[in-house]
Amino acid sequence: MSAASTSTSSTSTQPKPSSVPSFHDVVDVTSYDAMLARKVTALRDMFATLLRDDGPCDGGDDDAPENNSTEILPEVVSPEVFPSPPKHFRSRCRFQIVAEDVKGTAGDDCRPNTRKNRFSYRLRENGEITGAIETFPMALLSVNEVMPLLLETLDNDETGALALGLEAVHFLAARRGGMHITFLYSRSIGHDETWRVAATRARETMLESLSVNSKDENHKTKHDPTALNLLGRSKNVAVSIGPVNYVVEELTLSDGKVLTYHQPEGAFSNPNAFVAEHTVDWLVDISRTTVAAAMRGLRTDDENENENAATPHQPSLLELFCGNGNHTVALAGSFHAVAAVEISKSLCQAARLNLTRNGIENARVFEAPSEYVARAMLKKRRSGKATAGTGDNPETNPDDIKSLDVTKDSIKFLDVSQYDVVLVDPPRAGLDTDTLALVKQFPVILYISCDPNSLFQNATCPKYGLAATHKLKRFAVFDHFPYTKHVECGAVWVRKDLAV
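Keep in mind the model is a prediction, meaning the values are calculated, not measured.

Q: What am I meant to see in the overall build of the protein chain here?
A: Counting secondary structure elements, the protein chain contains twelve helices and 18 strands. Relative to its full complement of 500 residues, the protein chain shows a buried share of 51%. The long-range fraction of contacts in the protein chain, counting pairs at least 24 apart against all pairs at least 6 apart in sequence, stands at 69%.

Structure, rendered in structure tokens:
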């Protein structure tokens, strides 16, 4: 979505502080609701024809009667809006570290003319850096508490090893406790024992301070392995200070079920766990309502009439771009079997850990590019090796994925006819042509989009647009990134013959 269509700027004429970059606004909790409302309005305008179901979006139908009416139809699908907390919502942050020489005072080792480094956090934009950042209200409270402690440890490190060559720091936190800080260096730290000793001392000092002074009721004690850990990175080198290099996030569904997620350092994880919680809960609701209704439409009247209410039919799910299994873990209980595909090795490892952590046995993660899977599955379908149906092909059954070796070679066992529902969560560019052609083969499509422009293009492009064969049944707005132009959407598409 363009910046113009989702402008979040307030009407204030006050200039931004130098610490605030152009890509986000000043955090002002009093303006948050108005900012979100503007995003929703822009999305309503963009998706108006699809929300109102004005007709086909496949380039036109020559046989369709011409509609010259100027009447604006009411929305058939009303956007479901899920806001973020207006502050302290980000669990991942990256800052540049800048050191400035300042003249010492009489209190500095009694040498009034000595010079001392004063460190500050900055953000980078187009090769430039912002003014100094004292606090960062977008970040979790725990991150804000650690930020000044870290600068203090840099100032107090008499060896200078922590600050030498330090370019940036990454914070990774969990809402209910757990903190990981990565130091990024322009020099090698691989054989620097002085750095290791200084970093170990810094971790111990910060842990002690947090355990005594923290105002965050969720802060974990120093006896918890995820409480606070450090990692130093330089070219081809990573040095760990502390027992683990991950945090554990918890997402709670509306039915009270708590899901736990292993989120490793250096791998993608959703920066706004509050809205991620809304997203997985929405998807679970979709699986129990909209998906279930569509599946009833796939079966014959006799099958519906004879269905045992105690053991209802469960469809199977193919998930593309599964990441660390955020959605996989939440949805597995609603499906007979789940095949989840992800290109990143580290995210595949995290996803498998998360399946195990949550006791899930009916899902498998496949390490492969989603477009590779799409081409393979389309090729099988075009060659006639795939059969139409809803998971009843005797040659390959969703149960078989439990015993597959989850390597790229095992992708050949995936048959589009074995899965009733597809979930995609692509990068900002949206779905490529092959993947778009594949997902249209499914009766139900769940689409999570981090760029509404791409979603709209995938829905309305003349040849492969989703709206040509499927009807939009649910539409959601997830405000993962308050005070920026960015917004995420969720769209549920049901094949038109099933969309009652």
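Q: Help me understand the packing of helix H5 (residues 273-288) against helix H6 (residues 290-298), please; the structure alone is not making it clear to me.
A: When two helices pack together, their arrangement is captured by the angle between the axes and the distance separating the axes. Close contact between H5 and H6 brings their axes to 3 Å; oriented N to C, the two are set at 25°. The orientation of H5 with respect to H6, classified from their angle, is roughly parallel. On H6, the residues touching Asp285, Ile286, Ser287 and Arg288 of H5 are Thr290, Val291 and Ala292. Taken together, the residues that form the contact of H5 with H6 break down as three nonpolar, two polar and two charged.

Q: Where do I start with the packing of aromatic side chains in this structure?
A: Think of a pair of aromatic rings as described by two things: how far the centres are apart, and how the planes are tilted against each other in angle. A full pass over the atoms with the stated rule returns eleven aromatic pairs. Both rings, one in tyrosine 32 and one in tyrosine 483, keep their centres 6.0 Å apart while their planes meet at 55°; by these two values the pair is tilted. In this pair, tyrosine 32 sits in helix H1 (residues 32-46) while tyrosine 483 sits in the loop between strand E17 (470-478) and strand E18 (488-495), placing the two residues 451 residues apart along the sequence. By the burial criterion, tyrosine 32 is buried, and tyrosine 483 matches it. Arranged with centres 4.9 Å apart and planes meeting at 45°, the rings of phenylalanine 47 and phenylalanine 475 form a pair that is tilted. Of this pair, phenylalanine 47 sits in the loop between H1 and helix H2 (48-52) while phenylalanine 475 sits in strand E17, and the two are 428 residues apart along the sequence. You can call phenylalanine 475 buried: its relative accessible area is 1%. Put simply, the rings of Phe95, Tyr121, Phe136 and Phe171 pair up and form one aromatic cluster. A cation sits over an aromatic face here: arginine 175 above phenylalanine 274, 4.8 Å from the ring centre.

Q: Can you walk me through H1 in this structure?
A: Every α-helix carries 3.6 residues per turn, so stepping three or four residues along brings you back to the same face. Over its 15 residues, H1 runs 21 Å from end to end, which matches the ideal 21 Å to within 8%, given 1.5 Å per residue. Among the residues of H1, those classed as buried are Tyr32, Met35, Leu36, Lys39, Val40, Ala42, Leu43 and Met46. With its buried residues spanning 160° around the axis, H1 presents them on a single face. Among the exposed residues of H1, those oriented more than 90 degrees off its buried face are Asp33 and Asp45. Taken together, the buried residues of H1 touch H2, strand E1 (80-82), helix H12 (452-460), E17 and E18.

Q: So what exactly am I meant to see when it comes to the environment of isoleucine 445 here?
A: Tracing the backbone shows isoleucine 445 in strand E16 (residues 444-449). On a C-alpha basis, the gap between isoleucine 445 and leucine 423 in space is 6.0 Å, while along the polypeptide they are 22 residues apart. Not counting residues up to four positions away in its chain, the partners in contact with isoleucine 445 are Val422, Val439, Lys440, Leu466, His470, Ala491, Val492 and Trp493.

Q: Sorry if this is basic, but what is going on with the pairing of E17 here?
A: On a regular strand, each side chain points to the face opposite its neighbour's, so the side chains alternate between the two faces of the sheet. A large share of E17 lies buried, amounting to seven of its nine residues. Here E1 runs beside E17; their pairing, made up of three bridges, is parallel. Counted as the bridge partner of glutamate 80 is alanine 476 from E17. Relative to E18, E17 runs antiparallel, the two sharing eight bridges. Looking at the pairing, valine 477 lines up with cysteine 489 of E18.

Rules used in this analysis
- Residues numbered from 1 in each chain as written.
- Predicted model: local features only at pLDDT ≥ 70, side-chain atom pairs only at ≥ 80, totals over all residues.
- Heavy atoms only, no water.
- Helix = DSSP H or I, 4+ residues; strand = E, 2+ residues; numbered from the N terminus.
- Buried < 20%, exposed > 50% of the residue type's maximum accessible area, 1.4 Å probe, protein only.
- Contact = heavy atoms within 4.5 Å.
- Axes fitted to C-alpha atoms, helices over the stretch in contact; angles between N-to-C directions.
- Parallel < 35°, antiparallel > 145°, perpendicular 65-115°, else oblique.
- Nonpolar A, V, L, I, M, F, W, Y, C, P; charged D, E, K, R; others polar.
- Phe/Tyr/Trp six-rings, centres within 6.5 Å; stacked < 30°, edge-to-face > 60°.
- Lys NZ or Arg CZ within 6 Å of the ring centre and 35° of its normal.
- Expected span 1.5 Å × (residues − 1).
- Arc of directions from axis to C-beta.
- Pairing = 2+ DSSP bridges.

Nothing here speaks to function; it is geometry throughout.
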